[in-house]
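Descriptive analysis of the structure
For reference, the chains in residue letters:
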Amino acid sequence: MTPPTSSLRTFGQPHSYPGKLIIVEGIDGSGKSTQLLLLQKWLESQGHNVFFTEWNSSDLVKETTKKGKKSKSLTPTTFSLLHATDFASRLYHSILPPLKAGMIVLADRYAYTAFARDAVRGVSRSWVRKLYSFSIQPDLAFYFKVPIDTAIARLLGGTRGQFKYYEAGMDMGISQDVTESFRVFQSRILSEYDKIVDEYGLTVMDATREIEEQQDDMRAVVTKALEHYKPKRGGYGKRTAVFWRRFGVSKPE
Amino acid sequence: MAKGRQYFGDGLAYLNPSDLKGKLIVIEGTDGVGRSTHIELLQEWLEVQGYGVITTGWTRSSLMSRTIDTAKEGNILDHWSLSLLYATDFADRLEHQIIPALRSGFIVLADRYIYTAFARATVRSGDPTWIRDVFGFAIVPDLVCYLRIDADTLALRVLESNGMNYWESGMDLRLGTDLYDSFKKYQTLMIEEFDKMAEEFKFEVVDARKSLEEIQEFLRAKIQPLLRSAHSRGLARVPAGAADSATEGS
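A brief structural summary. (Residues numbered from 1 in each chain as written. Chains lettered and ligands numbered in written order. Predicted model: local features only at pLDDT ≥ 70, side-chain atom pairs only at ≥ 80, totals over all residues. Heavy atoms only, no water.)

Moving on, we get to the packing of aromatic side chains. One pass over the full model with this rule turns up 40 aromatic pairs over all chains. Between the aromatic rings of A:Tyr112 and A:Tyr200, the centroid separation amounts to 5.3 Å while the plane-to-plane angle is 65 degrees, which identifies the pairing as edge-to-face. Of this pair, A:Tyr112 sits in helix H4 (residues 111-121) while A:Tyr200 sits in helix H7 (residues 178-200), placing them 88 residues apart in sequence. Measuring from centroid to centroid gives 5.9 Å for B:Phe90 and B:Phe137, while their planes differ by 40 degrees, and the two rings are tilted. Separated by 47 residues along the polypeptide, B:Phe90 in helix H3 (residues 79-103) and B:Phe137 in the loop between helix H5 (128-134) and strand E4 (143-148) bring together distant segments of the chain. In this structure, B:Phe90 and B:Phe137 share a single accessibility class: buried. Between the NZ or CZ atom of A:Arg121 and the centre of the ring of A:Phe79, over which it lies, the distance is 4.3 Å. A:Arg129 extends its terminal NZ or CZ atom over the ring of A:Phe115, reaching a point 4.8 Å from the ring centre. (Phe/Tyr/Trp six-rings, centres within 6.5 Å; stacked < 30°, edge-to-face > 60°. Helix = DSSP H or I, 4+ residues; strand = E, 2+ residues; numbered from the N terminus. Buried < 20%, exposed > 50% of the residue type's maximum accessible area, 1.4 Å probe, protein only. Lys NZ or Arg CZ within 6 Å of the ring centre and 35° of its normal.)

Structure follows, in structure tokens:
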């Protein structure tokens with residue numbers, strides 16, 4: 001066997017790009033997206049050019065995931081692989097170019113989401129880690145830790161009002177009751193996250209505190225991480241996500 | 001006694017492969033070597049003898065085939081995504097098609113298998129390890145027959161049939177200035193990869209420049225020993241009527 005080419009296994013060692021990659025993790029209802037949005041507003045107000053990317057959002061894979069979910073034909077392995085494909089595509093198109101150009105990239109969920117979720121769905125932990133070995137190690141990874149009851153209360157009381165089928169792990173046959181299924185499934189994810197926090201040294205945030213308190217802490221941590229960072233930008237104002245133009249493919253309706 | 005069924009690497013943690021009693025036979029080889037013709041002939045040969053046969057082909061899953069086509073139209077560029085799309089397609093077929101068929105005692109004829117993905121990814125990235133890890137959930141086949149051809153003959157055959165396409169020419173790798181140069185260089189690299197794997201994974205190699213009859217005879221000779229042992233272990237037999245109608249159809 002040819003020995004592994006270590007330079008191609010980028011996860012687990014700091015990247016050498018001039019930009020910064022900041023990611024947030026946590027279960028649904030942990031408030032991580034709110035915190036990331038507030039961080040983005042602040043960074044932009046400081047004059048930074050910020051790029052944002054979120055889990056499972058590439059055009060190519062979204063359609064397929066939707067189709068698979070609709071026909072309920074996804075297995076733990078295809079579910080995992082589809083998300084890895086989406087991630088690879090976003091890494092290549094949305095994360096690497098700005099990082100190489102020296103800009104700041106914010107990611108709502110990262111490979112750790114797959115490590116946690118896919119393990120709970122029953123795929124091999126070592127396999128899913130190998131799957132993502134090409135990804136870039138973030139400069140900062142925040143984990144928003146929240147008790148399951150707080151998350152449920154936020155989701156039910158909030159704008160969404162109900163749980164989504166796969167978020168609640170309804171495909172796993174845990175319970176017919178969506179809330180109960182969500183509780184069991186997401187509790188298992190929480191305990192996976194606890195292991196991941198130790199394994200990868202994520203920065204743990206107490207997600208039960210007030211929004212602005214958490215944000216103050218987050219900004220303090222980010223300020224420290226950006227100490228030696230030299231912001232870069234072109235001559236134009238803010239352009240959101242247009243640096244990569246697709247060609248020859250009509251937009252799905 | 002044949003040893004039990006195995007996964008390549010980290011397998012499907014939720015599925016024990018030991019009760020998969022059918023046979024998994026893989027035909028590998030680049031486009032233009034006549035894989036599909038040989039698979040058709042093999043299927044007929046096996047069905048006439050009363051064996052249940054299903055065929056499965058690369059990128060033909062119901063979940064993924066359209067997505068892969070879209071990707072190849074230029075919506076995707078990086079080799080990770082392409083490899084992972086192939087892996088998703090393969091996983092879908094493995095779990096919904098190949099494994100259920102093997103469990104019921106069918107013979108599965110696979111038109112290309114993970115080795116195609118290994119070769120394409122390794123030629124593109126130089127790293128043979130990651131792609132093998134990704135496909136760790138694949139089942140080790142009972143037999144891999146590789147229809148080997150040289151790049152010169154292949155170029156002639158492809159030009160005479162469908163012509164060279166962008167991906168089969170490896171144009172994404174910018175190996176040459178035009179389709180023909182790129183095709184030759186890319187296919188030469190692919191053949192080198194396959195030659196290495198032929199040793200590593202013990203492929204049965206047949207020269208694809210031989211006549212159709214000679215190649216078919218070779219394939220049948222390699223498959224025959226698997227059948228005898230499989231037969232005594234309760235392989236599914238298709239009723240005589242079904243085999244007859246399959247014969248009439250061609």
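Moving on to the sheet that holds strand E2 (residues 53-57) of chain B. Residues and elements named next belong to chain B. Read from one edge to the other, the open sheet built from 5 strands follows the order E2-E3-E1-E4-E5, with strand pairing classed as parallel. The strands lining the two open edges of the sheet, one partner per strand, are E2 and strand E5 (204-207). The sheet shows a mean angle of 20 degrees between the axes of neighbouring strands, direction not considered. When strand E1 (residues 23-28) meets E4, the two strands line up parallel, connected through 4 bridges. Considered in E4, the bridge of Ile 25 is made with Leu 143. (Pairing = 2+ DSSP bridges. Axes fitted to C-alpha atoms, helices over the stretch in contact; angles between N-to-C directions.)

Let us now look at the packing of helix H3 (residues 76-101) of chain A against H3(B). Two elements in contact, H3(A) and H3(B), have axes whose closest approach is 9 Å; the angle formed by their N-to-C orientations is 170 degrees. The angle between H3(A) and H3(B) places the two elements in the roughly antiparallel class. Where H3(A) approaches H3(B), its residues A:Thr77, A:Thr78, A:Leu81, A:Leu82, A:Ala84, A:Thr85, A:Ala88, A:Ser89, A:Leu91, A:Tyr92 and A:Leu96 are matched on the opposing element by B:Trp80, B:Ser81, B:Leu84, B:Leu85, B:Ala87, B:Thr88, B:Ala91, B:Asp92 and B:Glu95. For the contact of H3(A) with H3(B), the class distribution of residues is 12 nonpolar, 6 polar and 2 charged. (Parallel < 35°, antiparallel > 145°, perpendicular 65-115°, else oblique. Contact = heavy atoms within 4.5 Å. Nonpolar A, V, L, I, M, F, W, Y, C, P; charged D, E, K, R; others polar.)

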